[in-house]
Amino acid sequence: MHFILYTDKTVKESLKSITERLQIKGTNSRPGLDGWIDKNGMFSISVNAPVVGNVPRRTHLRGRLENENGYTVVRGDVPSGATPFGIGLMFAAMGVMALMLLNSGNQLLALAVAPAAAYLYVILRGDDQNSEYLLDELMKVLRAKETPPKAGARKPSVSAPLARPAPKPAARAGSPAKPAAKGPSPRPAAKTGTAPKAGAKPAAAAARPASSGSKPAAPKTSSFIS
């Protein structure tokens, strides 16, 4: 099975993390890992875990670390084995084969099918369990994911300046101006009690302005009778 993982760690940091994981001793719930690393980014890890009783199966995972677009890509291969459903189909097919051999008189070949099926079960079932364990441990050690990180996921090293608010657009010509706020109307001035001076003439009413096209009136002439 081929796999591709992505991590934010550098190639050097990833190799260091794998080395530290190889040095951890195994337990019953978390078996230990064996393997090696190379400076060019190549590495290999393996696990030896029991499948049926005390019958173990060792599975190897090999990969390569490469730097691409600012993050590290992990490409590798690991035997995937077979699921219990697939193993059941295999056993059914081998059972039919054994019956055909018995009917044809090949009893020795028919009896050899049983140990062959047990051997295949250990390999396929062991690789299925161990491959999942190796991939899980590798993803935990490298903090890797199966999907590439987003383009804007990383934070910039230098903080960007705060964006200033955009200036408000100026009012267009011809647009109606907003009416001024109404204020309190001024109070009329108080009347003084002084009387007008004696002999003062009342102000004449303002004469109406003459129209622009009107002519001045002609003076009246007196007629003499000779």
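Because the structure is predicted, anything quoted here is derived from the model rather than measured. (Residues numbered from 1 in each chain as written. Predicted model: local features only at pLDDT ≥ 70, side-chain atom pairs only at ≥ 80, totals over all residues. Heavy atoms only, no water.)

Asks: Would you mind going over the nonpolar core with me for this structure?
Replies: The tendency in soluble globular proteins is for nonpolar side chains to be buried side by side. Counting residues in each nonpolar core, the largest one holds 19 residues, and the members touching the most others are Phe3, Phe43, Leu61, Val74, Leu134, Leu138 and Leu142. Looking at this core, the element that brings in the most residues is helix H3 (residues 107-142), giving six residues. If we skip the residues at most four places from it in the chain, Leu134 touches Leu33, Ile45, Ser46, Val47, Thr59, His60, Leu61 and Val78. Counting residues in hydrophobic clusters, the runner-up holds nine residues, among them Ala82, Ala98, Leu101 and Val113. (Core = buried A, V, L, I, M, F, W, Y, C linked by side-chain atoms within 4.5 Å. Buried < 20%, exposed > 50% of the residue type's maximum accessible area, 1.4 Å probe, protein only. Helix = DSSP H or I, 4+ residues; strand = E, 2+ residues; numbered from the N terminus. Contact = heavy atoms within 4.5 Å.)

Asks: It is not clear to me how the packing of helix H2 (residues 84-103) against H3 should be interpreted in this structure. Could you clarify?
Replies: Packed helices, taken two at a time, are described by the angle their axes make and the gap between the axes. Contact geometry for H2 and H3: axes closest at 8 Å, N-to-C directions at 170°. Here H2 is positioned roughly antiparallel relative to H3, judged by the angle of their axes. Along its contact with H2, which presents Pro84, Ile87, Met90, Phe91, Met94, Ala98, Leu101 and Leu102, the element H3 presents Gln107, Leu109, Ala110, Val113, Ala116, Ala117, Leu120, Tyr121, Leu124 and Arg125. For the contact of H2 with H3, the per-class residue count stands at 16 nonpolar, one polar and one charged. (Axes fitted to C-alpha atoms, helices over the stretch in contact; angles between N-to-C directions. Parallel < 35°, antiparallel > 145°, perpendicular 65-115°, else oblique. Nonpolar A, V, L, I, M, F, W, Y, C, P; charged D, E, K, R; others polar.)

Asks: What is the right way to read the sheet that holds strand E5 (residues 71-77) from this model?
Replies: Strand pairing in a sheet relies on backbone hydrogen bonds, with the paired strands running either antiparallel or parallel. With antiparallel pairing, the five strands of this open sheet are ordered in space as E1-E5-E4-E3-E2. Only two strands of the sheet have a single partner each, and these edge strands are strand E1 (2-7) and strand E2 (34-37). Strand-to-strand twist of the sheet, defined as the mean angle between neighbouring strand axes without regard to direction, takes the value 20°. Pairing between strand E4 (residues 55-68) and E5: seven bridges, direction antiparallel. (Pairing = 2+ DSSP bridges.)

Asks: Could you clarify how one ought to interpret the pattern of salt bridges in this entry?
Replies: Proximity of charged atoms lets side chains of opposite charge pair with each other. Going through the model one piece at a time under the given rule, you end up with eight salt bridges. For Glu137, the salt bridge is made with Arg21, and the minimal N-O distance between the two is 2.9 Å. Taken together, the residues span a long stretch of sequence, with Glu137 in helix H3 and Arg21 in helix H1 (residues 11-22) at a distance of 116 residues. Arg21 matches Glu137 in its accessibility class, with the two residues each being buried. Across the pair Asp34 and Arg58 runs a salt bridge, and its minimum N-O distance is 3.3 Å. Taken together, the residues span a long stretch of sequence, with Asp34 in strand E2 and Arg58 in strand E4 at a distance of 24 residues. (Salt bridge = Lys/Arg side-chain N within 4 Å of Asp/Glu carboxyl O.)

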